[in-house]
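Geometric and topological summary
Here's the letter readout for the chains.
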Amino acid sequence: MKIAILPGDGIGPEIVAQAVKVLNVLGESFELETAAVGGAGYAAHGHPLPEGTLALAKAADAVLFGAVGDYQYDTLERALRPEQAILGLRKQLGLFANLRPAVLYPELANASTLKPEVVAGLDILIIRELTGDIYFGQPRGVRECPDGAFKGQREGYDTMRYAEGEIRRIAHVAFQAARKRDKRLTSVDKANVLETFQFWRDIVTDVHQEYPDVALEHMYVDNAAMQLVRAPKKFDVLVTGNMFGDILSDQASMLTGSIGMLPSASLDANNKGLYEPSHGSAPDIAGKGIANPLATILSAAMMLRYSLNRAEQADRIENAVKAVLAQGLRTVDIYEAGTTKVGTEEMGNAVVKALA
Ligand SMILES: NC(=O)c1ccc[n+]([C@@H]2O[C@H](COP(=O)([O-])OP(=O)(O)OC[C@H]3O[C@@H](n4cnc5c(N)ncnc54)[C@H](O)[C@@H]3O)[C@@H](O)[C@H]2O)c1
Ligand SMILES: CC(C)[C@H](C(=O)O)[C@@H](O)C(=O)O
């Protein structure tokens, strides 16, 4: 089985190196092939998603991705910015279903900024639609404002849109995921203001008829943001659009102690997928050897479970992560008094050791 390794920028190479070490000690004969992506792709080949990288990602059985983005590229024209690499991969590989599990390991109850009793036992799954919404809607750009009080001035505009089929397929993914868990699904929208999300609500309600065993509730995104910090354990599975999912999943990451703990799977209709931590390239800490590699290592575990049919290896990795946390090892983002501060590499090595 072939795995495309795309480390990317910033802390990407540091954290992906730890996940690769873990994959290499599992005793499997995976073929790992690395390629440049993001700012690294632009620097090496003049494009954030070089043709060879895209071809590798398409040919591989799964993709392990670090993160892209670096402030030095923020002034490039949009098509050449590092972020276009991950957006392009999602679109071109048809990765419409993004699963972001926010699970609190008991050892990290005090690492969260919320009170331990609010987050203890947390296990929620955020399902984010990943290839539609205002992220990809056309037209978009900057133009002359055609009407209203600011007529004639320049205006920026984007288009929010969702086709019925796009909503139906992500709704099916969400209902099926809920069916395997506590059978409760919260669909998050902004139906009180936006036509796109009234339509979203209507279609999700329709799909619900096929899943009578799952309890469905609808919630406005502003309320969902509030409930996520007020009583996050009341949720089981949340499903939402691309932009709301981006924001809510970063918010949910802090329930788990750190954004460095939140893995993700981005899947197509056949469970082929790209696996990446939910965080970015963290340029502020890149090269310091302090980034938390656990979200990336846990993303590799999701890859084994969802795309490579190796659930027992995924369990092994997740148990090894639990073991290192139980040993008191902490990167700086999850550090608290009484635990042992370790760097990126030491954390990776500890997971490898715990697997033995
Ligand atoms: N999928 C992706 O590749 C992806 C996702 C989000 C942001 N980005 C890009 O990353 C760059 C930086 O964005 P940002 O600063 O808004 O978000 P970020 O997630 O990179 O960082 C936010 C904060 O979290 C910290 N952090 C993130 N990951 C961490 C880890 N593993 N361990 C410890 N601390 C960690 C960072 O140090 C920073 O303080 C931008 O160019 C952005 O576009 C890429
Ligand atoms: C880097 C950016 C394009 C990306 C997104 O907005 O989807 C990031 O925030 C994420 O969550 O993976």
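Residues numbered from 1 in each chain as written. Chains lettered and ligands numbered in written order. Predicted model: local features only at pLDDT ≥ 70, side-chain atom pairs only at ≥ 80, totals over all residues. Heavy atoms only, no water.

1. A closer look at the pairing of strand β10 (residues 237-240)
- Of the two faces of β10, both are covered, the one formed by V237 and V239 as well as the one formed by L238 and T240.
- Bridge count for strand β5 (residues 123-129) against β10 is four bridges, and the pairing is parallel. By the bridge assignment for β10, L125 is matched with V237. (Buried < 20%, exposed > 50% of the residue type's maximum accessible area, 1.4 Å probe, protein only. Helix = DSSP H or I, 4+ residues; strand = E, 2+ residues; numbered from the N terminus. Pairing = 2+ DSSP bridges.)

2. What to know about the domain arrangement of the protein
- Domains assigned within the protein are domain 1 (1-104 + 261-356) and domain 2 (112-256).
- On the domain 2 side, the residues contacting the 18 residues of domain 1 number 25 residues.
- The junction of domain 1 with domain 2 conceals about 1,900 Å² of combined surface from both sides, 64% of it contributed by carbon and sulfur atoms.
- Of all residues in domain 1, the largest losses of buried area upon contact with domain 2 belong to F96, R100 and L104, amounting jointly to 37% of the total for that side.
- Put simply, domain 1 and domain 2 have zero salt bridges between them.
- Connecting domain 1 to domain 2 are seven residue pairs in polar contact (both at pLDDT 80 or more).
- Listed by contribution, the elements that provide at least two residues to the side of domain 1 that touches domain 2 are α4 (83-92) and β4 (97-103).
- The leading source of residues in the side of domain 1 that touches domain 2 is β4, at seven residues.
- Per-class residue counts for the side of domain 1 that touches domain 2 are eleven nonpolar, three polar and four charged. (Domains from an automatic or database assignment. Contact = heavy atoms within 4.5 Å. Buried area = accessible area lost by both parts, 1.4 Å probe. Salt bridge = Lys/Arg side-chain N within 4 Å of Asp/Glu carboxyl O. Polar contact = N/O pair within 3.5 Å; in protein donor to acceptor, adjacent residues only side chain to side chain. Nonpolar A, V, L, I, M, F, W, Y, C, P; charged D, E, K, R; others polar.)

3. Some words on the site of ligand 2
- For ligand 2, the full set of nearby residues is E83, L87, R90, R100, R128, Y135 and D246.
- Contacts to ligand 2 include D246, whose side-chain N or O atom sits 2.9 Å from an oxygen atom.
- With the chains in place, 77% of the 320 Å² that ligand 2 exposes on its own is no longer accessible.
- Per-element tally for the shell around ligand 2: the top contributor is α4, with three residues.
- Looking at the shell around ligand 2 residue by residue, the class counts come to two nonpolar, no polar and five charged.
- Taken domain by domain, the shell around ligand 2 gets at least three of its residues from each of domain 1 (1-104 + 261-356) and domain 2 (112-256). (Near = heavy atom within 4 Å. Areas by Shrake-Rupley, 256 points an atom, 1.4 Å probe, with all protein chains shown as cover.)

4. A short note on the environment of A215
- Note on placement: A215 falls in strand β9 (residues 215-220).
- Remark: the alpha-carbon pair of A215 and D182, spanning 33 residues in sequence, is separated by 9.3 Å.
- Excluding residues that lie within four positions of it along the chain, A215 makes contacts with K183, R184 and L185.

5. A few points about the site of ligand 1
- Surveying the vicinity of ligand 1 reveals 20 residues, the closest of which are V68, E83, G280, A282 and D284.
- Its free accessible area being 800 Å², ligand 1 has 71% of it covered by the protein chains.
- Looking at the shell around ligand 1 residue by residue, the class counts come to nine nonpolar, six polar and five charged.

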